[in-house]
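Survey of secondary and tertiary structure
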Amino acid sequence: MKKLITLALFLCLPASIFAEAKELRIVTLNGTVSEIVFALGKGKLVVGNDTSSLYPPEAVALPKVGYQRMLSAEGILSLKPNLILGLEYAGPPEVIEQLKSAGLKVIIYPGLPGVEPALNNILAIGKEIGAEKEAQKIVQDIRKKHSKIAEKVSKLKSKPKVLFVYHRGTSLAQVSGIETPADEMIRLGGGVNAVSGFTGFKPITPEAVIAAQPDIILIPSRGLESLGGKDGVFNLPGVKDTPAGKKLRVVAIDDLVLLGFGPRLGQGIEELFESFHPKTPDKK
């Protein structure tokens, strides 16, 4: 009799509970989100991602659904996901709405650059995919590294002027103003953005570069490759006439480490500080 009652109660449970019990099939719409899911040990649940998902190698090998700002609803739906995770850059908006209308669970997280926003996203994603402990561990590691570097930065007597250059393929090189991930990382690493008269990015001009007088040129690794190496950086308009050009100071860091604000954020802050301040006495 008890078995019959138990079975009856089981059959009366709402269908949503059974749906939630199924293994997740995740599509990630941003490289940072992809990296977070893999860092949390849930990479095997990801069935597809966007073309900005450059790390880890397992993420690169997955089916692509387009670039995060130019997604294909059909491509995403073809992978039969039951959870879609992205940052606020994901779009176009009509594609996101189409996915929601199809009954899929779509979660879009803030994309603000900064340590706390990054940690909040890691914790939120960890909670969503059942990896809260792993998320806490990553967050603690980032906080520890950030605190260590922040203490060193607070003791600096001077900070280098850093010009962030963005370049892809044959596209025109651009420099970063304020309110960008690059601007925030320069600050966290103990530098000063060499250009602050505008927000976002602007095409590079010889006059602007020379006027900025940067001590260091900062560039993502893939951008450095697209320019053909450091010689390509120094051949950019105006760079040779700056302290950075004269002293041959170029810092190149992995794109997602530098700009992703993901699980390797602490590593990125450390790398920048070591590169900006190679002769700091208390460096270990």
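Refer to the preceding data block for the structure.
The following paragraphs examine the structure supplied in this document.

Definitions and limits used
Residues numbered from 1 in each chain as written. Predicted model: local features only at pLDDT ≥ 70, side-chain atom pairs only at ≥ 80, totals over all residues. Heavy atoms only, no water. Core = buried A, V, L, I, M, F, W, Y, C linked by side-chain atoms within 4.5 Å. Buried < 20%, exposed > 50% of the residue type's maximum accessible area, 1.4 Å probe, protein only. Helix = DSSP H or I, 4+ residues; strand = E, 2+ residues; numbered from the N terminus. Domains from an automatic or database assignment. Contact = heavy atoms within 4.5 Å. Salt bridge = Lys/Arg side-chain N within 4 Å of Asp/Glu carboxyl O.

1. Examining the nonpolar core
For soluble globular proteins, the rule of thumb is that nonpolar side chains tend to be buried together. Leu 40, Leu 85, Ile 125, Ile 129, Met 185, Leu 218 and Leu 265 are the most contacted members of the largest nonpolar core, which totals 46 residues. A per-element tally of this core places helix α8 (residues 132-154) first, with six residues. Taken together, domain 1 (26-109) and domain 2 (157-276) each give at least three residues to this core, which thus spans both. With near-sequence residues (within four places) excluded, Leu 265 lies in contact with Val 115, Ala 118, Ile 142 and Met 185.

2. Describing the pattern of salt bridges
In this structure the tally under the stated criterion is eight salt bridges. A salt bridge links Glu 116 to Arg 143; its shortest N-O distance comes to 2.9 Å. Placement of the pair is Glu 116 in helix α7 (residues 115-128) and Arg 143 in helix α8, with a sequence separation of 27 residues. Residue classification places Arg 143 among the partly exposed residues on the basis of a relative accessible area of 38%. A salt bridge links Arg 264 to Asp 254, with the shortest nitrogen-to-oxygen separation between them at 3.3 Å. Here the residue Arg 264 occupies a position in the loop between α14 (255-259) and α15 (265-276), and Asp 254 occupies one in the loop between β12 (250-253) and α14, the gap between them amounting to ten residues. You can call Arg 264 buried: its relative accessible area is 14%. Since its relative accessible area comes to 32%, Asp 254 is described here as partly exposed.

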